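Architecture at a glance
Here's the letter readout for the chains.
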Amino acid sequence: MAKKKKDFRETTIQNYYDLKADKVDELVAALKDGDAPSGGDTNYSINANTGVYDPKNVTRSGKDKQFDPYKVDKLSRIPTWIKAIFVKWWFAGATSYFILWGLPLTGPDSVLLLGVVLGMVTDLFVNPVFRYMESDRREYDGYVMFPFPFKAFWTFFANIIYYTLVVYLVSVVYTNLNVLANIINKTADAIYIGVEPLLFGTICVLADMAFIGVKDGVVALVRRMKNRKKESVSNV
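The structure reproduced in this document is the subject of the present report. Counting of residues starts from 1 at the beginning of each chain's written sequence and follows it residue by residue. At least 70 in pLDDT is required for a residue's local features to be given in this predicted model, at least 80 for side-chain atom pairs to be given and counted, and no such filter applies to totals for whole chains, interfaces and linings, which use all residues. Derived side-chain values reflect all non-hydrogen atoms in the structure, with water molecules and hydrogen atoms excluded from consideration.

**Some points on the overall build of the chain**
Rules: Helix and strand definitions follow DSSP, with helices as H or I runs of at least four residues and strands as E runs of at least two, each counted in order from the N terminus. Accessible area is worked out with a 1.4 Å probe on protein chains only. A residue is then buried under 20% of its type maximum, exposed over 50%, and partly exposed in between. Contact between two residues is taken to exist if any of their heavy atoms lie within 4.5 Å; hydrogens are not considered. Using a 1.4 Å probe, the Shrake-Rupley method yields the accessible areas, and only the shown protein chains count as cover for residues.
Within the chain, the secondary structure is distributed over seven helices and zero strands. Going residue by residue from the N terminus, the α and β elements of the chain occur as α-α-α-α-α-α-α. Every one of the 236 residues in the chain was classed for burial, and the buried ones make up 27%. Once local pairs closer than 6 in sequence are excluded, the contacts in the chain between residues at least 24 apart make up 53%. In the form shown here, the chain has an accessible surface area of approximately 17,000 Å², with 65% of it arising from carbon and sulfur atoms.

**Points about the side chain of Thr122**
To be explicit about the condition: Each polar contact in these results corresponds to two N or O atoms within 3.5 Å; when the atoms are within protein, one needs to be able to donate a hydrogen and the other to accept it, and residues that are neighboring in sequence are counted only if both atoms are side-chain atoms.
Take Thr122: it is sitting in helix α5 (residues 108–133). Polar side-chain contacts of Thr122 include one of 2.8 Å to the backbone oxygen of Leu118. Among all residues touching Thr122, those that are not within four sequence positions of it are Asn127, Pro128, Asn159 and Tyr163.

**A short note on the pattern of salt bridges**
Put simply, the rule is: The term salt bridge refers to a pairing of a side-chain nitrogen on Lys or Arg with a carboxyl oxygen on Asp or Glu at a separation within 4 Å.
The full count for this structure, using the stated rule, is five salt bridges. Where Lys215 meets Asp216, a salt bridge forms, and the shortest distance between an N and an O atom there is 2.9 Å. Linked by salt bridges that have partners in common, Arg131, Glu134, Arg138 and Asp141 make up one network.

**Looking at the packing of aromatic side chains**
The criterion, for reference: Pairing of aromatic side chains here covers Phe, Tyr and the six-membered ring of Trp, requires ring centres within 6.5 Å, and sorts the geometry by plane angle: under 30 degrees stacked, over 60 edge-to-face, intermediate tilted.
Tallied over the full model, the rule gives 11 aromatic pairs. With a centroid separation of 5.2 Å and an interplanar angle of 85°, the aromatic rings of Tyr97 and Phe98 are classed as edge-to-face. For the ring pair Phe153 and Phe157, a centre distance of 5.3 Å and an interplane angle of 65° mean the geometry is edge-to-face. Taken together, the residues Phe153 and Phe157, both in helix α6 (residues 153–185) and four residues apart, mark about one turn of the helix. The class for Phe153 is exposed, based on a relative accessible area of 68%. Grouped by ring-pair contacts, the aromatic residues Phe146, Trp154, Tyr162, Tyr163 and Phe211 constitute a single cluster.

**Thoughts on the side chain of Lys83**
This is how the line gets drawn: When charges are counted, neither His nor the chain ends are considered; positive counts come from Lys and Arg and negative counts from Asp and Glu.
With respect to the helices, strands and loops of the structure, Lys83 is situated in helix α4 (residues 80–100). Of the buried charged residues, Lys83 lacks a salt bridge, with Glu139 as the closest side chain of opposite charge at 6.3 Å. When residues no more than four places from it in sequence are discounted, the contact partners of Lys83 are Leu75, Ser76, Ile78 and Tyr140.

**Notes on α5**
In plain terms, the rule: What a helix should span is 1.5 Å times the count of its residues minus one. Fitting axes to the seven residues that end at a residue and to the seven that start at it, the angle between those axes gives the bend at that residue.
Helix length check: α5 (26 residues) gives 36 Å between terminal C-alpha atoms against 38 Å at 1.5 Å per residue, within 8%. Taken as a whole, α5 carries its principal kink of about 45° at Thr122. Residues of α5 that are buried include every one of Ser110, Val111, Leu114, Gly115, Leu118, Gly119, Val121, Thr122, Asp123, Val126, Asn127 and Phe130, and no others. In this structure, the buried side of α5 is in contact with α4, α6 and α7 (197–235).

**Quick look at the packing of α5 against α6**
How two helices sit against one another is set out by the angle between their axes and by the gap between those axes. Cut-off, in case you're wondering: Each axis is a line fitted through C-alpha atoms, taken for helices only over the stretch in contact, and angles between the N-to-C directions span 0 to 180 degrees. With respect to orientation, any angle under 35 degrees is reported as roughly parallel, any angle over 145 as roughly antiparallel, any angle of 65 to 115 as roughly perpendicular, and every other angle as oblique. Crossing handedness is defined as follows: a turn of the near helix away from the far one that is anticlockwise and smaller than a right angle gives a left-handed crossing, while the clockwise case is right-handed. Any residue outside Ala, Val, Leu, Ile, Met, Phe, Trp, Tyr, Cys, Pro, Asp, Glu, Lys and Arg is labelled polar, Gly included; the first ten of those are nonpolar and the last four are charged.
For the pair α5 and α6, the least separation of the axes is 7 Å and the interaxial angle reads 130°. In terms of orientation, α5 and α6 fall into the oblique class. Of the two elements, α5 crosses α6, and the hand of that crossing is right-handed. When α5 is examined against α6, the residues Val111, Leu112, Leu114, Gly115, Val116, Leu118, Gly119, Met120, Thr122, Asp123, Leu124 and Asn127 are found in contact with a partner set consisting of Thr155, Phe156, Asn159, Ile160, Tyr163, Thr164, Val167, Tyr168 and Ser171. By residue class, the composition of the contact of α5 with α6 is 12 nonpolar, eight polar and one charged.

**A look at α6**
Counted at 1.5 Å a residue, the expected span for α6 with its 33 residues is 48 Å, and the 49 Å between its end C-alpha atoms agrees. Once α6 ends, the next one or two residues include Lys186, with phi positive near 55°.

**As for the packing of α4 against α5**
Relative orientation of the contacting elements α4 and α5 amounts to 145°, with a least axis distance of 9 Å. Seen from above, α4 lies across α5 with right-handed handedness. For the pair α4 and α5, contact is made by Ala84, Val87, Lys88, Phe91, Ala92, Thr95, Ser96, Ile99 and Leu100 and by Ser110, Leu113, Leu114, Val117, Leu118, Val121, Phe125, Val126, Val129, Phe130 and Met133, respectively. When its residues are assigned to classes, the contact of α4 with α5 shows 16 nonpolar, three polar and one charged.

Structure follows, in structure tokens:
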């Protein structure tokens, strides 16, 4: 009895993976003639002359709208640097809005809390968004301070420390801008430029990209030195 069940399973599996030659012939004929296979889905576009997929014949609107597997979505047409800068700018502005405007904090406490929260937001939201949008070329690595392809535990704390430094630099920029405004207007201790999401996000992105640019320059220099050492050793 057990042997019969085993033979039945093996026969079923073998039949399941058998090549359906008649279906293959039917598909080839459809590609040649531009006709749909009998009983198949007619919702596609095949060039009758060449027998290949022709995106020009696809209906993209109305009730007869067809699926186009080769269509390039609008988001992918936007340059990488615009998407990366916008994502970083939006999250930085939103973080400042909820932290600085939502909590009654001033001075060093606000800088510290904003830096901690922005680091957490970057590690939990911004970088995963970049990983979701990137291709195998990893084109978003140039916009991340710690561009690791995997989720590392230590990057969470590294981003908190790093963005606390970034927010501190942003606070220094705000202070100097107000000092300059006081000099121009011949006043003392007046606040002409307050912290608001749009300007904060802009200054934060500029400071962030400046740090990332320095990091990328150091990494490139170290790699160049290592390559020179390898070349000198191989030439000896």
